[in-house]
Amino acid sequence: MKKKVVQTEKAPKAIGPYSQAIQAGDFLFLSGQVPLDPKTGELVKGDIGQQAKQVLENIKGVLESQKLGMEDVVKVTVFLKISRISIK
């Protein structure tokens, strides 16, 4: 099975030794996404809703670069990091 590295300007550049996505046969495997603005490379400020929206826009950008859409997604795994603030 041939593998192809996928890169697009519609999503943030990969930070590290991985790709935005890999196409293997008829499957597209996306890497993890964080709420980075692809235009600035900066983390989106705001609450979890705004950050989640940016992550989904990044995923949508990678999919669209391969003529796919959210309706083509078969499986998604979400990892959340919760910061706790203690007030004394």
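The structure we're discussing is the one just above.
Bear in mind the structure is a predicted one, so any value in this text is a computation, not a measurement.

Caption draft 1: Examining the sheet that holds strand 3 (residues 27-30) more closely. Spatially, three strands are ordered 1-2-3 in an open sheet, and the strand pairing comes out antiparallel. At either end of the open sheet lies a strand with only one pairing partner, and these are strand 1 (3-6) and strand 3. Between one strand axis and the next, the sheet turns through 25° on average, direction left out of account. Relative to strand 2 (residues 21-24), strand 1 runs antiparallel, the two sharing four bridges. Residue pairing in the sheet places lysine 4 in a bridge with glutamine 23 of strand 2. Helix-sheet contacts for helix 1 (residues 48-65) involve strand 1, strand 2 and strand 3, and the interaxial angle to strand 3 is about 150°.

Thresholds applied
Residues numbered from 1 in each chain as written. Predicted model: local features only at pLDDT ≥ 70, side-chain atom pairs only at ≥ 80, totals over all residues. Heavy atoms only, no water. Pairing = 2+ DSSP bridges. Helix = DSSP H or I, 4+ residues; strand = E, 2+ residues; numbered from the N terminus. Axes fitted to C-alpha atoms, helices over the stretch in contact; angles between N-to-C directions. Contact = heavy atoms within 4.5 Å.

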